[in-house]
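Secondary and tertiary structure notes
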Amino acid sequence: MSGQPAVALNSGLRKKGLLFRIWESRYIYLFLLPGVAFFVIFKYIPIYGVQLAFKKYEVQSGITGSPWIGLYNFEFLFIDVDFITAVRNTLIIAFMQIAFFYPFPIILAMLLNEIRMMKYKRVVQTIYTLPHFLSWVIVGGMILNLFGSGGAITNLLRVITGGEVTFLTNKSVFRQLLVGTLLWKEAGWSCILYLASITAIDPTLYEAATIDGANRWHKMRYVTWPGISMIVIVTFILRVGSMMNAGFEQIINIYNPTVYSVADIIDTYVYRITFQRPANFGVSTAVGLFKGLTNCILLVTTNAICVRISGEGIV
């Protein structure tokens, strides 16, 4: 019996200590509040609407009062040729982005790290980073002015080759154009994370490598790369886990009906069935749920594979 008051006293002290630490760090929690509020309002509360994927939405009845229809919305999707095409295009474009865009910022960061002239390095990094701050609306206008039917580059090639040259209506080159413009716009910004990781590597490792006779290539391979490999693995897992997001803002600003068969992705498909047809919120929600579950499966699977192979992962 004498032990019970002692346990209660210790529990009370722990609770009091926790409350005291929270109060002592109250300003830090205040800084966290906007971020927490953002996730609660825009990420967690909307989960309530997921039930629309299994309902026939009626405006007068609202979400709760709309009748349940089971998996009908999903059955509609998987017999819709446009949706199947959108899924295929999403996966192809995402694989192309991973194969060509994802490694580029890593290589760029390692090369920038080898520049010894700091002024030149800052200029180059600024040039590579600047396009990130342009919206895809502006970049889309630039692409139309350069690669459209009357664009500068199109007209120049037409004069040089003497034949008809098309980019934005050519199905065989449109996906490559997407990857190329993504490289130009985002590679410099993406490499900042890897540059920050490189600066965290202990300089004495480079000094030891120099003493051992290592050249720049050896340092990049045996010092720089192992120093950033964990960040590379984590970003790779996150990138694969978002494969179903293949770049809505980029594609919606430059594609056209001529290239729908190679460029229409899941997000643009949802946009068209929601705003260019009679709205069907149940189908749109079903698409979002399908995409979210697919991304979750890809994330968990990729993380498990990376942990098994390299011992590194998100968790």
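Above: the structure in question.
Right, let's walk through the structure included here. These numbers were taken from a predicted model, which means no experiment stands behind them.

1. Some thoughts on the overall build of the protein chain
The number of helices and strands found in the protein chain is 16 helices and 0 strands. Relative to the globule expectation of 20 Å for 315 residues, the C-alpha radius of gyration of the protein chain, 26 Å, shows a markedly less compact shape. Seen through its C-alpha atoms, the protein chain measures out along the principal axes to roughly 95 × 75 × 40 Å. Each of the 315 residues in the protein chain was classed as buried or not, and the buried ones make up 36%. Restricting to contacts in the protein chain with at least 6 residues of sequence separation, those with at least 24 account for 66%. Accessible surface for the protein chain amounts to roughly 19300 Å². Of this, 70% is attributable to carbon and sulfur atoms. Charged side chains in the protein chain number 25 positive and 15 negative. The centres of these two groups are separated by 5 Å.

2. Some details on helix H8 (residues 136-147)
Its 12 residues give H8 an end-to-end C-alpha distance of 15 Å, which sits within 8% of 16 Å, the value for a rise of 1.5 Å per residue. Those residues of H8 not exposed but buried are Trp136, Val139, Gly140, Ile143 and Phe147. For H8, the arc enclosing every buried residue in end-on projection is 105 degrees, short of the 170-degree limit, so these residues lie on one face. Facing away from the buried surface of H8 by more than 90 degrees, the exposed residues are Val137 and Asn145. Where H8 is buried, its residues touch helix H9 (152-161), helix H10 (174-199) and helix H13 (248-252).

3. Structural notes on the packing of aromatic side chains
Tallied over the full model, the rule gives 14 aromatic pairs. Ring geometry for Phe147 versus Phe167: centroids 5.1 Å apart, planes at 75 degrees, classification edge-to-face. Note that Phe147 is positioned in helix H8 and Phe167 in the loop between H9 and H10, a separation of 20 residues in sequence. Side by side, Phe147 and Phe167 carry an identical accessibility label, which is buried. Ring centres 6.1 Å apart and planes at 55 degrees place the aromatic pair Phe248 and Tyr271 in the tilted group. Of the two residues, Phe248 is situated in helix H13 and Tyr271 in helix H15 (residues 266-275); the sequence distance between them amounts to 23 residues. We classify Phe248 as partly exposed; its relative accessible area is 27%. The class of Tyr271 is partly exposed, set by a relative accessible area of 31%. Seen from the ring of Trp136, Lys185 lies directly overhead, with NZ or CZ sitting 5.0 Å from the centre.

4. Concerning the packing of helix H7 (residues 118-129) against H10
Two elements in contact, H7 and H10, have axes whose closest approach is 7 Å; the angle formed by their N-to-C orientations is 130 degrees. Taken together, H7 and H10 sit at an angle that is classed as oblique. Two secondary-structure elements touch here, H7 through Gln125, Tyr128 and Thr129 and H10 through Trp184, Gly188, Trp189, Ile192 and Leu195.

5. Some points on the pattern of salt bridges
Throughout the structure, instances matching the rule amount to 5 salt bridges. Glu114 is the salt-bridge partner of Arg216, the closest N and O atoms lying 3.9 Å from each other. Placement of the pair is Arg216 in helix H12 (residues 216-240) and Glu114 in the loop between helix H6 (103-113) and H7, with a sequence separation of 102 residues. Between Lys291 and Asp267 there is a salt bridge; the shortest N-O distance is 2.6 Å. In this pair, Lys291 is assigned in helix H16 (residues 281-310) and Asp267 in helix H15, connecting sequence segments 24 residues apart. Looking at Lys291, the relative accessible area reads 15%, which means it is buried. The exposure class assigned to Asp267 is buried, which follows from its relative accessible area of 16%.

So, how was this worked out
- Residues numbered from 1 in each chain as written.
- Predicted model: local features only at pLDDT ≥ 70, side-chain atom pairs only at ≥ 80, totals over all residues.
- Heavy atoms only, no water.
- Helix = DSSP H or I, 4+ residues; strand = E, 2+ residues; numbered from the N terminus.
- Rg over C-alpha atoms; globule rule 2.2 N^0.38 Å.
- Buried < 20%, exposed > 50% of the residue type's maximum accessible area, 1.4 Å probe, protein only.
- Contact = heavy atoms within 4.5 Å.
- Areas by Shrake-Rupley, 256 points an atom, 1.4 Å probe, with all protein chains shown as cover.
- Lys, Arg positive; Asp, Glu negative; His and termini not counted.
- Charge placed at Lys NZ, Arg CZ, Asp CG, Glu CD.
- Expected span 1.5 Å × (residues − 1).
- Arc of directions from axis to C-beta.
- Phe/Tyr/Trp six-rings, centres within 6.5 Å; stacked < 30°, edge-to-face > 60°.
- Lys NZ or Arg CZ within 6 Å of the ring centre and 35° of its normal.
- Axes fitted to C-alpha atoms, helices over the stretch in contact; angles between N-to-C directions.
- Parallel < 35°, antiparallel > 145°, perpendicular 65-115°, else oblique.
- Salt bridge = Lys/Arg side-chain N within 4 Å of Asp/Glu carboxyl O.

Purely spatial values, then, with no claim about function.
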